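Report on the structure
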Amino acid sequence: MTRQVLLFVSLLSVGSVLGQVSYTIPEEMAKGFLVGNIAHDLGLQTKRLASGKARIYTRDSGDYIELNRDRGVLLVKERIDREALCRQTTPCALHFQIILENPMEFYTVTVQITDINDNAPTFEKSEMKFKISESAITGAKFVLERAVDLDVGINDLQNYELKPTDNFVLKVHNNADGNKNVEMVLQKPLDREKQEQISLVLTAVDGGEPQMSGTMLIVITVLDVNDNAPVFTQSTYKATFTENSPKGTVVATVTASDADQGSNGKITYSITNTLDDIRKVFHVNEENGEISVNGNIDFEESRNYQINLRASDEGGLTDSCKLIVDVQDVNDNKPEINIMSKSNVISEDAKLNTVVTMINIEDKDSGENGKVECFINENMPFTLKTSTTNFYSLVTDSELDRERASEYNITVTCSDEGVPSLSSSVTLTLQISDVNDNAPVFERSSYEAYIVENNTPGLSIFTVKARDADWNQNARVSYILEDSSVNGVPVSSYVSVSADSGVIHAVRSFDYEQIKDFHFRVKTQDGGSPPLSSNVTVKILIQDQNDNPPQVLYPVQTGGSLVAEMVPRSADVGYLVTKVVAVDVDSGQNAWLSYKLQKATDRALFEVGLQNGEIRTIRQVTDKDAVKQRLTVIVEDNGQPSRSATVIVNVAVADSFPEVLSEFTDFTHDKEYNDNLTFYLVLALAVVSFLFITCLVVIISVKIYRWRQSRILYHSNLPVIPYYPPRYSDTLGTGTGTLQHVYNYEVCRTTDSRKSDCKFGRAGSQNVLIMDPSSTGTMQRIQNEKSILDEPDSPLEVCLS
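A closer look at the environment of Val251
Note on placement: Val251 falls in strand S18 (residues 250-253). Put simply, Val251 and Thr240 are eleven residues apart on the chain and 7.4 Å apart in space, counted from C-alpha to C-alpha. If we skip the residues at most four places from it in the chain, Val251 touches Ala239, Phe241, Phe282, Ile291, Ser292, Val293 and Val325.

Listed below in structure tokens is the structure:
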């Protein structure tokens, strides 16, 4: 069979690409039958179908067509029966959309299904019976049951044939709606006496290739005398009622009359529709002709009905009419919201008019009841755009900011224009993914911290803190000490910053007297790509400790010369002798100095100003006052604990310089003599103590060594082998005699009995000579002892043991 394909493509652009394609194929095509090359017809490449995850979106057309992405073609997926799919509706078509993503696009596809002659005309009943009076006049009409052919067009029912045609002929009436009324007309009077029963065959023929037909047997029983048939008041009745009317609601009433009397004039009403389920939906009262609702009336399934009615008397005479029922729509269907494609996550840097979701809206009602408007909740950075009828795209209409809103619950509400209006809604959850668009920000614009001097290196000073409004890795901050210098020294030798916590540690111990404050910059950087950063200035102030005593600037204390202030004996009360000047390198209260007179030769003669250090007389100087006055002034600071310094002020009470000179010269000589005497006494004590300890250690060592030697000789069974020192032969040559025992010598050489050191020889060392008792010889002395003996007039102590 030749396949005919009709292609129509149109492209629109409202937020997304839209195209329409139409194809035409016959019904009953085998699975895998080629519908059309959709990629070629839409101007797409096959790789676009694969990258866009092309798929078919169908709502109520069934799963008959499939998309082959690799070939870019549409194929028949399941056998299509046009009669099951559309019944008598023409044209019969499948409607679906093809959806692509990245970017989001959709195309509308229509596949029209053409009919083939695969159904023969059929009658609901295989046999139809009539009772006709022999008095029936020529031209009497008898309505026959129509045949039904599920095919359409030329393949539908085309003609009827009636055989034999001795008494009756067939008459077919074409209605305006395309249906045919079949009547059997009496053309020759009946004679019951000749033929009481007549059998006819009614054949229905369609126009397909090959032609198909169906038959029904008509059995006529000839009755006697009923010469008037029922007659309807109208050939066509019309009625209107609303859908969802309750069962039993009267739609209309048809009326027929019969001129006969008695049983021949009693009329019975019936519905003659066969295959269109009319008798399931409507019911006719056989006696009065009232047509009432017997089932569910749904405007969305059928908007009008044609009810074929027959009036029959008991004599078998009939008449027919039809009732056209128009159904009025009621707003009984909510709009249906179908998500065609959606994104669950969108980046916060998405461009304007980015498509997030594509929605299809369907309302089964009609007219105003089927008009739908959709909207979303307010204060959303999104808007709904309609690309074509019943299709909406949810797009961004302003910039997104994850830090302001990380998630949106978008409620799409669709309402129709019926009264009352019906609506439905769906909530879409959209996550906003983070972009590193926020730099870390410190909690303060600048920092200032204090640390007490003389701190321990590594001490934590304080913490800087920065926050990043981004999320996850983009919000992970680290801290960096920027390169700079403080007094020409890198700042990294002063402080360090913990990269993770921002804690600032002191690298060294600070001295307030060297540096009082310094500043540096700390940079914070996030973990985004590329990273963002900011910096802040940190100022460190060193706090003073009382770690420096006061320093006396005047009077200057010298070691060699003596300075004295002169006070004439005629000085009055309050006479300014001198002023003690001192400073403290500390600061604050640690540098507040006070002056006090600690000792004085005559405390009743002088006083010291507590704040200014001025030394003044507090009484009149007399001749009895000593010339030499010695004052000891203590200078104290106000720190905790307090530190102090002392200064000695020599004051000469005299009227002439020679008198002062003689007094202070003796004073200086005595002082120097006392100082030397003290030094020599201390030195002598130290030397005597050292000699005593050294002698004690040597004696103990000798005792231990001799004890160990005697133990070794006592326990040994080996023969004694004489040991001869290197100079033994020289000693024997002298012939000066022998010593038969072992001797230890301790030789002490002194030059001064008061400042001498003793040097002790080690027992059992090379100074000891061991000889065999049977031999004779002389004892050899060590070289250093010999050199000592050779010196004349050398005091020598010799100890024999």
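Observations concerning the sheet that holds strand S10 (residues 141-143)
Spatial ordering of the open sheet is given by S10-S13-S12, a layout of three strands whose pairing is antiparallel. Pairing within the sheet leaves two strands with one partner each, and these edge strands are S10 and strand S12 (168-174). This sheet shows a mean twist of 30° between the axes of neighbouring strands, independent of strand direction. Note: S10 against strand S13 (residues 180-186), three bridges, orientation antiparallel. Across the sheet, the residue bridging to Val143 is Glu183, located in S13.

Some details on the environment of Val486
Along the polypeptide, Val486 turns up in strand S38 (residues 485-486). Val486 sits in the buried class, given a relative accessible area of 7%. With 29 residues separating them along the chain, Val486 and Ile515 place their C-alpha atoms 9.5 Å apart. Here Val486 is in contact with Val491, Tyr494, Ile515, Phe518 and His519, once residues within four sequence places are set aside.

Re unusual backbone geometry
Following Asn102, the chain continues to Pro103 via a peptide bond in cis, the omega torsion being 0°. On the secondary structure map, Pro103 appears in the loop between strand S7 (92-100) and strand S8 (105-114). The omega angle of the peptide bond from Gln640 to Pro641 is -5°, so this bond is cis rather than trans. The topology assignment puts Pro641 in the loop between strand S51 (628-636) and strand S52 (644-653). Positive phi is not limited to glycine here, since Lys53 has a value of about 50°. Relative to the helices and strands, Lys53 is located in the loop between helix H2 (46-51) and strand S4 (55-57). Phi at Asn102 is positive, roughly 55°, even though this residue is not glycine. Checked against the element boundaries, Asn102 lands in the loop between S7 and S8.

Re the sheet that holds strand S30 (residues 391-396)
Strand-to-strand pairing in sheets goes through backbone hydrogen bonds, with the strands running parallel or antiparallel. Taken together, the four strands give an open sheet; going across it, the order is S25-S27-S30-S29, and neighbouring strands pair in antiparallel fashion. In this open sheet, the two edge strands, each paired with only one partner strand, are strand S25 (336-342) and strand S29 (382-388). For this sheet the average axis-to-axis angle between neighbouring strands, irrespective of direction, equals 30°. As judged from the six bridges shared by S25 and strand S27 (residues 355-362), these two strands associate in the antiparallel manner.

Re the nonpolar core
Core analysis: the biggest nonpolar cluster contains 28 residues, and Val495, Ile504, Phe518, Phe520, Val522, Val538 and Ile540 have the highest contact counts within it. Sorting the residues of this core by element identifies strand S34 (446-452), strand S35 (460-463), strand S37 (478-481), strand S40 (495-497), strand S41 (503-506), strand S42 (517-525) and strand S43 (533-543) as the ones contributing at least two each. Ranked by the residues each element gives to this core, the list is headed by S43, at four residues. Other than its neighbours up to four places away in sequence, Val522 contacts Phe442, Val464, Tyr479, Ile480, Leu481, Val497, Ile504, Ser534, Asn535, Val536 and Val538. By size, the runner-up hydrophobic cluster in this structure holds 27 residues, among which are Phe241, Ile267, Ile297 and Phe299.

Some words on the state of the cysteines
Here is the idea: a disulfide is a covalent bond, and it sits between the sulfur atoms of two cysteines. All told, the structure shown has two disulfides when counted by the stated rule. Between Cys86 and Cys92 runs a disulfide, and the two sulfur atoms are separated by 1.8 Å. The sign of the S-S torsion, about 65°, decides the handedness of the disulfide formed by Cys86 and Cys92: right-handed. With a relative accessible area of 14%, Cys86 lands in the buried category.

Side note on the confidence of the model for the chain
Within the chain, residue pLDDT values average 81, and 82% of them lie at 70 or more. Between residues 1-17, whose pLDDT stays under 50, and residues either more than four places distant or in other chains, the model counts 47 contacts. A low-confidence stretch, residues 713-801 (pLDDT under 50), is modelled with 92 contacts involving residues beyond four sequence positions or located in other chains.

Details of a nonpolar patch on the surface
Together, Phe692, Ile693, Leu696, Val697, Ile700 and Ile704 give the surface a local cluster of nonpolar side chains, amounting to about 600 Å² of exposed area. Residue placement: Val697 occurs in helix H5 (residues 657-715).

Overview of the pattern of salt bridges
Summed over all chains, the structure comprises 18 salt bridges. Of the charged contacts in the structure, one is a salt bridge between Arg404 and Asp401, with a shortest N-O distance of 3.7 Å. By relative accessible area, Asp401 is classed as partly exposed at 23%. In this structure, the salt-bridge partner of Arg619 is Asp625, at a minimum N-O distance of 2.8 Å.

About the criteria used
Residues numbered from 1 in each chain as written. Predicted model: local features only at pLDDT ≥ 70, side-chain atom pairs only at ≥ 80, totals over all residues. Heavy atoms only, no water. Helix = DSSP H or I, 4+ residues; strand = E, 2+ residues; numbered from the N terminus. Contact = heavy atoms within 4.5 Å. Pairing = 2+ DSSP bridges. Axes fitted to C-alpha atoms, helices over the stretch in contact; angles between N-to-C directions. Buried < 20%, exposed > 50% of the residue type's maximum accessible area, 1.4 Å probe, protein only. Core = buried A, V, L, I, M, F, W, Y, C linked by side-chain atoms within 4.5 Å. Disulfide = S-S within 2.5 Å. pLDDT = per-residue confidence, 0-100. Patch = residues over 30% accessible without salt bridge, like charges linked within 9 Å, V, L, I, M, F, W, Y side chains within 5 Å. Areas by Shrake-Rupley, 256 points an atom, 1.4 Å probe, with all protein chains shown as cover. Salt bridge = Lys/Arg side-chain N within 4 Å of Asp/Glu carboxyl O.

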